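# Coordinates in review
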Amino acid sequence: MTWADLSLIAPELALAAAACAALLQDAWATGPALESRSRGPAAAWIALGGVCAALLLLGVRPAGAAQVGFAGMYVRDGITRVVDLAALAAAGLGVMLSPPYLERFRLPAGEYHALLLLSTAGAMLMGASRNLVLLFLGLEMLSFPLYVLAALARRSRRSQEAGLKYLLLGAFATAFFVYGVALVYGASGTADLSRLGRAPDVPLLHAGVAFLVIGLGFEAALVPFHAWAPDVYEGAPMPATAFMSVIAKVGAFAGLLRLFPQALPQLAPAWGQMLAAIAVATMILGNLAALAQSNVKRLLAYSGVAHAGYILIGIASGGPAGSSAVLYYLLVYVAMNLGAFGVLLLLERRGEEADRVEDLAGLLGRAPWAAVVLAACMVSLAGLPPTAGFIAKLYLFRAALQDHRVALALVGALTSVVSVYYYLRVASVALSAGAADAVAVRHSRFAGVGLALAAAGVLWLGIVPGAITALVQQAVQALR
Amino acid sequence: MEAVLFGITAVLALAGGVGVVAARQPVHSALALLLVLLSLAVDYLLLAAQFIAALQVIVYAGAIVVLFVFIIMLLHTRSGEGPRAGAGLPRAGAGVLCGLFGLALLALAAGVRETAPPPAPGFGTIQDVGRALFGRYLLPFEAASALLLIGMVGAVALGKRLRPAGDPSPGRPQAPPAGGPARAR
Amino acid sequence: MAATLLIDAIKSAVILGGVLTAFAYVTLLERRLLARFQLRVGPNRVGPLGLLQPLADGIKLIFKEHFVPAGADRLVYLVAPLITVVAALFVYAVIPIGPPVRLFGREVTLYVADVNIGVLLVLAASSIGVYGIILGGWASDNKYALLGGLRSSAQVISYELALGLAVLGVVLAAGSLSLVDIVRAQSHLWFIVTQPAAFVLFLIAAFAETNRAPFDLPEAEQELIAGYQTEYGGFTFAMFYLGEYVGVITMGALITTLFLGGWQGPLLPPVLWFLIKVFAVVCVFIWVRATLPRLRYDQLMALGWRVLVPAGLLNLAVTALVIVARG
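Basis of the calculations
- Residues numbered from 1 in each chain as written.
- Chains lettered and ligands numbered in written order.
- Predicted model: local features only at pLDDT ≥ 70, side-chain atom pairs only at ≥ 80, totals over all residues.
- Helix = DSSP H or I, 4+ residues; strand = E, 2+ residues; numbered from the N terminus.
- Rg over C-alpha atoms; globule rule 2.2 N^0.38 Å.
- Buried ≥ 20, exposed ≤ 12 C-beta atoms within 10 Å, placed from the backbone.
- Contact = placed C-beta atoms within 7 Å.
- Nonpolar A, V, L, I, M, F, W, Y, C, P; charged D, E, K, R; others polar.
- Axes fitted to C-alpha atoms, helices over the stretch in contact; angles between N-to-C directions.
- Parallel < 35°, antiparallel > 145°, perpendicular 65-115°, else oblique.
- Left-handed = near helix turned anticlockwise from the far one by under 90°.
- pLDDT = per-residue confidence, 0-100.
- Expected span 1.5 Å × (residues − 1).
- Arc of directions from axis to C-beta.
- Core = buried A, V, L, I, M, F, W, Y, C linked by C-beta atoms within 7 Å.
- Pairing = 2+ DSSP bridges.

### Notes on the overall build of chain A
Counting its secondary structure elements, chain A contains 21 helices and five strands. On C-alpha atoms alone, chain A measures out to a radius of gyration of 21 Å, which is about the 23 Å that the 2.2 N^0.38 rule sets for 480 residues. With the C-alpha coordinates of chain A rotated into their principal frame, the extents come out at 65 × 55 × 40 Å. The proportion of buried residues among the 480 residues of chain A is 64%. The long-range fraction of contacts in chain A, counting pairs at least 24 apart against all pairs at least 6 apart in sequence, stands at 81%.

See below:
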């Protein structure tokens with residue numbers, strides 16, 4: 001290990017240090033009491049500081065050629081950069097949107113922020129891994145905090161149930177992933193992703209890769225590994241749901257990017273078909289199931305499943321076009337999904353989460369800005385112009401067409417049309433008159449800034465996508 | 001000699017695996033698991049990984065399964081028997097599925113016909129493992145340490161005693177919270 | 001090949017025989033010494049100086065009725081004491097009792113095996129030994145036995161950590177996990193001098209590992225009758241008894257090897273030095289039992305986790321720093 005190696009992982013180190021600082025601060029403020037007493041924003045400020053430091057460290061590093069460190073384990077290239085950006089955006093927004101909720105529902109702030117930061121670091125490691133061992137550890141680092149976060153509301157049975165469910169199914173999926181790593185290693189004699197491309201084409205390799213897909217597909221909530229998503233999304237405390245809904249996708253798709261278009265281009269015909277089939281099933285099932293939901297958390301869970309299907313189009317199409325579309329979509333998804341959850345986080349119905357669609361009624365009258373942000377995010381999730389969701393889907397479908405996967409693009413477009421119904425239903429309820437009197441809106445400057453940032457991202461990426469498009473296209477240049 | 005030993009440990013490990021699933025009492029399941037782990041430790045020895053073999057015994061057999069046994073005994077004080085949930089799959093069906101899976105694996109593995117080269121001198125010793133851990137595998141090693149930190153934070157966050165809601169005074173000890181997930185792992 | 005096997009077999013037999021004899025006489029030693037500490041006489045009727053007492057005890061135990069409690073899990077009930085004995089005796093495969101000697105024109109080492117990971121094997125054996133206790137307590141279908149078994153295994157697991165940390169300090173100082181190398185590394189200075197904190201830690205943890213006073217809570221008769229051994233009698237009881245006392249001798253041998261320079265010493269033959277040192281440590285064990293009262297259970301756990309483990313970590317860090325600083 002050298003200083004160069006250390007400077008490569010500087011953003012991850014900043015996050016880990018901030019996580020430890022948040023824990024220690026909490027312990028210091030709490031003293032010997034059983035439950036954390038520091039519900040003030042101290043932990044949030046520390047976490048935000050960590051995220052900003054990581055962003056800064058990411059920014060000062062020149063976007064040059066790929067740099068490999070830690071004996072070939074870790075690579076910092078364009079893809080790493082964009083994945084880091086997406087993960088840090090998720091963490092930053094997640095931190096900014098949660099304080100009012102944490103305070104109201106008495107969640108332990110120190111643990112919450114520490115776990116959030118470490119999970120983010122896990123997703124970043126996945127995006128930078130050049131070795132299956134590191135990919136696996138990144139996956140674990142990403143998902144383990146999410147299991148805990150899902151169960152963090154100790155007084156809520158549903159939260160406990162969600163955590164346990166997520167843990168058990170997640171452990172199962174992880175076992176598949178490890179088994180896949182073992183099989184791939186057995187077939188190719190290496191866990192190094194950069195050398196996997198020269199592996200002999202034996203059935204064992206295919207079996208191993210299929211197992212890897214199960215592990216990553218679980219985290220990304222792809223059909224048929226999505227069954228956990230609605231229950232866990234619904235049961236988990238809402239800030240955890242919001243954060244998990246984006247960070248898990250960022251990590252899982254970063255892993256899929258590293259695995260398929262990058263490491264195994266020679267097997268493209270085989271896995272392209274498989275992934276395309278999964279993508280079609282995911283899009284159809286996710287969107288149809290979302291139609292019937294009256295709980296916004298469940299609705300967004302199925303919406304998350306559907307979006308996983310869209311993003312998978314990019315992976316299945318492969319090549320630079322598909323990969324850059326995936327990266328772009330991840331950035332957009334972070335902004336629009338967290339924007340939507342951020343508005344829900346401000347609401348409260350009689351001491352509970354306001355997570356029914358009708359709770360949103362009359363939002364325009366009481367919190368016009370929040371209602372507008374929610375509407376913008378819903379429009380973006382539905383993929384309508386002038387928002388970012390439109391551009392992102394456009395890139396994906398274009399990549400599919402370039403790869404002559406017309407069916408994929410067609411199913412994507414059709415299901416998007418279906419999705420317009422349920423997204424706009426939420427938006428129209430929020431913008432309608434009428435009032436759900438039991439629902440209170442809390443105001444928080446911290447969350448307000450977060451919402452503004454998310455909304456700005458959704459509009460900016462939709463109206464002037466040039467800069468970010470250039471960034472993601474530069475990121476995948478090495479794939480050509 | 002090695003093949004014979006491997007045969008014995010393989011049969012023992014498989015028997016243990018079946019025992020874990022089939023045993024009626026949880027404690028017997030845990031003991032069968034112990035058998036699996038010890039057989040694997042011998043397998044590691046056959047693979048010239050003596051340090052890993054010792055760790056397998058110390059960590060898995062000596063700590064983790066002991067904790068399993070512990071929890072089982074604390075939960076079912078009365079001779080370790082608990083309510084038995086109905087199996088989701090009929091036994092015969094499960095057996096057939098396992099057999100099919102095994103056959104599929106065999107067929108897959110049949111494509112690989114390479115014998116590994118004999119290990120280099122010093123392979124599997126603690127010096128060798130140490131060099132690998134703090135050299136080539138440094139980053140995964142440190143990531144694993146972060147993972148353990150996460151596990152601890154999670155266990156504490158989910159396992160510590162809660163004050164009853166709305167009661168500001170540190171009340172009497174509550175019943176332990178239902179299944180801290182991180183603890184179960 | 002065959003000759004080596006034969007030599008190994010003979011060595012194993014001699015060492016096992018020696019350990020079992022030592023076990024028998026340590027029980028006598030303990031009774032006589034305790035008696036002296038308490039100004040009593042102790043058993044001195046069977047044979048000269050009571051030297052045949054262990055034999056009499058053994059015969060008595062063997063001819064006692066063998067029974068299994070009605071609600072017991074037969075298999076586990078019978079296997080548990082076996083595990084204890086095997087784990088306790090296994091350790092002697094790696095403990096060196098002297099340097100290689102020439103016998104009948106052949107170089108013979110005075111240990112069964114010098115493995116690269118000797119210390120780890122010792123720890124592994126002790127961690128397997130826990131099963132004897134916990135399963136014995138569970139299989140008896142008796143609440144006192146179960147509680148004793150749980151207590152005892154919790155105690156052993158907790159203190160195993162401190163024990164391991166103390167050993168690691170020595171391992172760092174010696175630069176090897178092989179017990180033979182560790183003894184050789186002490187040819188100039190014993191580790192009790194360079195690693196005093198590790199020695200104290202190890203000694204305390206050793207008392208707890210062997211379930212001896214002041215940590216003999218598993219058998220606190222006021223609360224738990226005889227703990228995990230409550231339902232055992234006759235020969236199976238003897239096996240637990242054997243496991244316990246062999247454990248004491250093992251700890252003596254380990255302390256000798258790790259901290260007291262092993263077989264090394266002036267004038268006397270090496271093997272004798274080894275035996276003398278082990279004898280001295282065993283006497284300390286008995287002396288402590290006669291002197292100190294039993295701890296309360298929460299005090300025991302607090303001592304293990306809040307004092308010994310942090311101290312062990314600190315010792316390890318300091319040792320590592322010193323070694324790195326010296327280059």
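Alright, that's what it looks like, and here's the rest.
### Considerations on the overall build of chain C
Secondary structure assignment for chain C yields twelve helices and two strands. Secondary structure of chain C in N-to-C order comes out as α-α-α-β-β-α-α-α-α-α-α-α-α-α. For 327 residues, the compact-globule formula gives about 20 Å, and the C-alpha radius of gyration of chain C, at 20 Å, lands near that figure. The principal-axis extents of the C-alpha atoms in chain C amount to approximately 60 × 50 × 45 Å. Within chain C, residue pairs in contact and separated by at least 24 positions form 78% of the contacts whose partners lie at least 6 positions apart.

### Notes on the interface of chain B and chain C
If you look at the interface, chain B gives 18 residues, while chain C gives 18 residues. It is helix α3 (residues 50-75) of chain B that provides the largest number of residues to the side of chain B that touches chain C, a total of twelve residues. Residue composition of the side of chain B that touches chain C, grouped by class: twelve nonpolar, six polar and no charged.

### Quick look at the interface of chain B and chain A
Residue-level contacts link 32 residues of chain B with 40 residues of chain A. Residue assignment for the side of chain B that touches chain A shows that the elements contributing at least two residues are α4 (91-109), α6 (138-159) and α7 (181-184) of chain B. With 13 residues, α6(B) is the single largest residue contributor to the side of chain B that touches chain A. Its residues assigned to classes, the side of chain B that touches chain A comprises 22 nonpolar, five polar and five charged.

### What about the packing of helix α18 (residues 388-402) of chain A against helix α20 (residues 445-463) of chain A?
Packed helices, taken two at a time, are described by the angle between their axes plus the distance between the axes. All names here are of chain A. Contact pair α18 / α20: the axes reach a minimum separation of 7 Å and the direction vectors enclose 50°. As judged from the angle between their axes, α18 and α20 are oblique. For the pair α18 and α20, the sense of crossing is left-handed. Contact residues: α18 offers Ala-388, Phe-390 and Ile-391, while α20 offers Val-458, Leu-461 and Gly-462. Taken together, the residues of the contact of α18 with α20 break down into five nonpolar, one polar and no charged.

### Looking at the confidence of the model for chain A
Averaged over every residue, the pLDDT of chain A is 89; residues scoring 70 or more account for 97%. Within chain A, strand β4 (residues 352-353) of chain A has the poorest average pLDDT of any element, 82, and helix α7 (residues 132-150) of chain A the best, 94.

### Some thoughts on unusual backbone geometry
With the exception of glycine, the majority of residues adopt a negative phi angle, and the majority of peptide bonds are in the trans configuration. Residues and elements named next belong to chain A. Residue Val-223 is joined to Pro-224 through a cis peptide bond whose omega torsion reads 10°. Looking at where Pro-224 falls in the secondary structure, it is placed in the loop between α10 (203-220) and α11 (228-235). In this chain, Pro-385 is followed by Pro-386 through a cis amide linkage whose omega measures 10°. With respect to the element layout, Pro-386 can be found in the loop between α17 (368-382) and α18. With phi around 55°, Ala-71 is a residue other than glycine that occupies positive phi space. The partly exposed category is assigned to Ala-71, around which 17 C-beta atoms lie within 10 Å. The backbone of Arg-106 sits at a positive phi, close to 55°, despite the residue not being glycine. Relative to the assigned elements, Arg-106 resides in the loop between α5 (99-105) and α6 (109-128).

### A few points about the arrangement of the chains
For the two pairs of chains in contact, the largest share of contacts goes to chains A and B. The two units chain A and chain C remain apart, with a minimum C-alpha distance of 15 Å.

### Side note on the environment of C:Arg212
All names here are of chain C. One can find Arg-212 in the loop between α8 (196-209) and α9 (221-224). By C-beta crowding, Arg-212 is classed as buried, having 20 other C-beta atoms within 10 Å. Separated by 16 residues in sequence, Arg-212 and Pro-196 have C-alpha atoms that sit 22 Å apart. Setting aside residues no more than four positions away along its own chain, Arg-212 makes contact with Phe-207, Val-248, Phe-285 and Arg-289.

### Some points on α20(A)
Residues and elements named next belong to chain A. For α20, spanning 19 residues, the distance from its first C-alpha to its last is 26 Å, which sits close to the expected 27 Å at 1.5 Å a residue. Among all positions in α20, only Ala-447, Gly-450, Leu-451, Ala-454, Ala-455, Gly-457, Val-458, Leu-461 and Gly-462 are buried. All buried residues of α20 lie within an arc of 150° about the axis, which places them on one face of the element.

### Some thoughts on helix α4 (residues 78-97) of chain A
An ideal rise of 1.5 Å per residue puts 28 Å on 20 residues; α4(A) measures up with 28 Å between its terminal C-alpha atoms. Burial analysis of α4(A) places 20 of its 20 residues in the buried class, which makes it a mostly covered element.

### Digging into the nonpolar core
Buried together is how nonpolar side chains tend to be arranged in soluble globular proteins. By size, the foremost hydrophobic cluster in this structure holds 218 residues, and its most contacted members are A:Ala90, A:Val250 and A:Leu331. Looking at which element gives the most residues to this core, the answer is helix α15 (residues 319-346) of chain A, with 20 residues. In contact with A:Val250, not counting residues within four places along its chain, are A:Val83, A:Ala86, A:Ala87, A:Ala90, A:Ala123, A:Leu330 and A:Val334. Core analysis: the second largest hydrophobic core is formed by 117 residues, B:Val66, C:Leu179, C:Tyr245 and C:Leu254 among them.

### Some thoughts on the sheet that holds strand β3 (residues 347-349) of chain A
By definition, the strands of a sheet pair up through backbone hydrogen bonds, in either a parallel or an antiparallel sense. Residues and elements named next belong to chain A. Here we have three strands laid out as an open sheet, ordered β4-β3-β5, and antiparallel in their pairing. This sheet does not close on itself; its edge strands, each paired only once, are β4 and β5 (439-441). Direction of pairing for β3 relative to β5: antiparallel, over a ladder of three bridges. When the sheet's bridge partners are listed, Arg-349 is paired in β5 with Val-439.

### Some remarks on the packing of α3(B) against helix α5 (residues 143-174) of chain C
It is at 11 Å that the axes of α3(B) and α5(C) come closest, and there the two elements cross at 150°. Classified by the interaxial angle, the pair formed by α3(B) and α5(C) is roughly antiparallel. Remark: the crossing between α3(B) and α5(C) carries left-handed chirality. Two secondary-structure elements touch here, α3(B) through B:Ala63, B:Val66, B:Phe70 and B:Met73 and α5(C) through C:Leu146, C:Leu150, C:Ser153 and C:Ile157. Of the residues belonging to the contact of α3(B) with α5(C), the class tally is seven nonpolar, one polar and no charged.

### Structural notes on the environment of C:Ala139
Its location among the elements puts C:Ala139 in helix α4 (residues 118-139). C-alpha of C:Ala139 to C-alpha of C:Gly149: the two residues are ten residues apart in sequence and 10.0 Å apart in space.

### Section: the environment of A:Met378
All names here are of chain A. You can see Met-378 is positioned in helix α17. Along the primary structure Met-378 and Leu-137 are separated by 241 residues, whereas in three dimensions their C-alpha atoms are 34 Å apart. In contact with Met-378, not counting residues within four places along its chain, are Ala-340, Tyr-423, Leu-424, Val-426 and Ala-427.

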